[in-house]
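Summary of the model geometry
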Amino acid sequence: MTAAATFFKRLTLVSLLLCGSATALADCKPAHTFDTLEKGVLKVATYVFPPYAIPGPDGQVGGVEGDILKSFAAAECLTVRATTVDTAAVVQSVITRRADVGIGDWYRTAERAKVLGLSAPTFLDVMGIISKDNLSRIDQLEGKRVGTVQGYLWVADLKKVLGDNLVLYPNPVAMAQDLASGRLDVATDSFAVAKTAQQKGAYPGANINVAAGDQRVKASQQPGQAAILFAKQNEALGQALSAHIQHMHQDGSLRQIVASYGLEEKITDVGAPRLIE
């Protein structure tokens, strides 16, 4: 069976499950054996973070990671039920076992791995530069007032390079407003997040480029690997999830999901699993 045929077969099964087809559920045989908090349900903690996590009505979720979980749930005869929470509450929801998994572009870090299970890497989160001058290099940011969003891998290194010219924001909305008003010369954000925001009307007239590698900012040379979070106690779930993600890398379905959100397929070329120290 071709990768495309496999992908569309999965999408068909996902649709049947979401429609509540009793026949589909009865005939479904899980690919792995593991427990979830509620039998037959995969509880997902998420926040609004397109294009990676896009909550919908009635516990549904889309976006790159949402679609990965729908594919996984279909293979495991589960129904996805998502709850939208604040960003920090995603981690706590998984740790305290209120959710089976958590999504929202979470990096595979050594510190996070101490308290959470981390799936096999799904995609790379690439640093983007947003400007009206078509900038793409970090040295071009020097001497300019630059905004960035807290929490990204490049923030600490960029602070060393730019000093007081770097302005930190709690979210990209406030940063986009300051860039539009001229209070910032340049902004940096996840390339995918910025491109998605621009498609919805943010950053009018701006160029968004992938940051060229600069040895002073490690994340520009080695982007962070994203993962889906799960409880460390549920190792069987984590193993099944990682196996499914690896299969999606192999059969091309993950590349198709990424492309369907207007992202470059090469962000799925994650390399060997690694943890950020």
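Residues numbered from 1 in each chain as written. Predicted model: local features only at pLDDT ≥ 70, side-chain atom pairs only at ≥ 80, totals over all residues. Heavy atoms only, no water.

Remarks on the overall build of the protein
A count of helical and extended segments in the protein gives 11 helices and 13 strands. Taking 277 residues into account, the globule formula puts the C-alpha radius of gyration at 19 Å, and the protein, at 19 Å, falls close to it. Projected onto the principal axes, the alpha-carbon positions of the protein cover approximately 65 × 35 × 35 Å. Classification of the 277 residues of the protein by burial places 51% in the buried group. Considering only contacts in the protein between residues 6 or more positions apart, those separated by 24 or more positions represent 72%. Across the protein, the mean location of the 27 positive side-chain charges is 1 Å away from that of the 27 negative side-chain charges. (Helix = DSSP H or I, 4+ residues; strand = E, 2+ residues; numbered from the N terminus. Rg over C-alpha atoms; globule rule 2.2 N^0.38 Å. Buried < 20%, exposed > 50% of the residue type's maximum accessible area, 1.4 Å probe, protein only. Contact = heavy atoms within 4.5 Å. Lys, Arg positive; Asp, Glu negative; His and termini not counted. Charge placed at Lys NZ, Arg CZ, Asp CG, Glu CD.)

A few points about helix α4 (residues 87-95)
What sets the pattern is the α-helix's 3.6 residues per turn: residues three or four places apart point alike. Taken residue by residue, α4 has Val90, Val91, Ser93 and Val94 as its buried positions. Taken end-on, α4 shows its buried residues confined to a sector of 160°, consistent with a single buried face. Contacts made by the buried residues of α4 are with β1 (41-46), β5 (101-107) and β13 (224-230). Arg97 lies just past α4 and shows a positive phi near 65°. (Arc of directions from axis to C-beta.)

Comments concerning the confidence of the model for the protein
Per-residue pLDDT for the protein has a mean of 91; in total, 91% of the residues score no lower than 70. Scored below 50 in pLDDT, residues 1-14 makes 21 contacts in the model with residues more than four places away or belonging to other chains. Throughout residues 16-23 the model reports pLDDT below 50, and contacts reaching past four residues in sequence, or to other chains, amount to 8 contacts. (pLDDT = per-residue confidence, 0-100.)

So, the packing of aromatic side chains
For the structure on display, the rule yields 6 aromatic pairs. Ring plane angle 45° and centroid distance 6.0 Å describe the contact between Phe49 and Tyr52, whose orientation is recorded as tilted. Each member of the pair, Phe49 together with Tyr52, is buried. When the ring of Tyr52 is compared with that of Phe123, the centres are 4.6 Å apart and the planes differ by 10°; the resulting orientation is stacked. Here the residue Tyr52 occupies a position in the loop between β1 and β2 (54-55), and Phe123 occupies one in the loop between β6 (117-118) and β7 (124-125), the gap between them amounting to 71 residues. Across this residue pair, the class does not change: Tyr52 and Phe123 are buried. (Phe/Tyr/Trp six-rings, centres within 6.5 Å; stacked < 30°, edge-to-face > 60°.)

Focus: the environment of Thr196
Checked against the element boundaries, Thr196 lands in helix α8 (residues 191-199). Classification of Thr196 as buried rests on a relative accessible area of 8%. Thr196 sits 65 residues away from Tyr261 along the chain, and the two C-alpha atoms are 8.2 Å apart. With near-sequence residues (within four places) excluded, Thr196 lies in contact with Pro50 and Pro51.

So, the domain arrangement of the protein
Partitioning the protein into domains gives domain 1 (41-124 + 225-268) and domain 2 (127-220). A straight line from the C-alpha centre of domain 1 to that of domain 2 covers 26 Å. Tallying the contact residues gives 7 residues for domain 1 and 9 residues for domain 2. In this assembly, domain 1 packs against domain 2 so that about 740 Å² is buried in total across both faces, 65% of it on carbon and sulfur atoms. Sorting the residues of domain 1 by area buried against domain 2 places Phe49, Pro50 and Tyr107 first, and these three jointly supply 51% of that buried surface. Counting every contact that joins domain 1 to domain 2 gives 0 salt bridges. Inspection of the domain 1/domain 2 interface yields 0 residue pairs in polar contact (both at pLDDT 80 or more). (Domains from an automatic or database assignment. Buried area = accessible area lost by both parts, 1.4 Å probe. Salt bridge = Lys/Arg side-chain N within 4 Å of Asp/Glu carboxyl O. Polar contact = N/O pair within 3.5 Å; in protein donor to acceptor, adjacent residues only side chain to side chain.)

Section: the nonpolar core
Val101, Trp154 and Tyr203 are the most contacted members of the largest nonpolar core, which has 82 residues in total. For this core, the domains that each give at least three residues are domain 1 (41-124 + 225-268) and domain 2 (127-220). In this structure, Trp154 is in contact with Tyr107, Val126, Met127, Thr148, Thr188, Asp189, Ser190, Val217 and Ala219, ignoring residues within four places of it in sequence. (Core = buried A, V, L, I, M, F, W, Y, C linked by side-chain atoms within 4.5 Å.)

Examining the state of the cysteines
What we call a disulfide is simply a covalent bond connecting the sulfur atoms of a pair of cysteines. Tallying each qualifying case throughout the model produces 1 disulfide. Linked covalently through their sulfurs, Cys28 and Cys77 form a disulfide whose S-S length is 2.0 Å. A torsion of -85° about the S-S bond marks the disulfide between Cys28 and Cys77 as left-handed. Here the residue Cys28 occupies a position in the loop between α2 (22-27) and β1, and Cys77 occupies one in the loop between α3 (63-75) and β4 (79-84), the gap between them amounting to 49 residues. Of the two residues, Cys28 and Cys77, both sit in the buried class. (Disulfide = S-S within 2.5 Å.)

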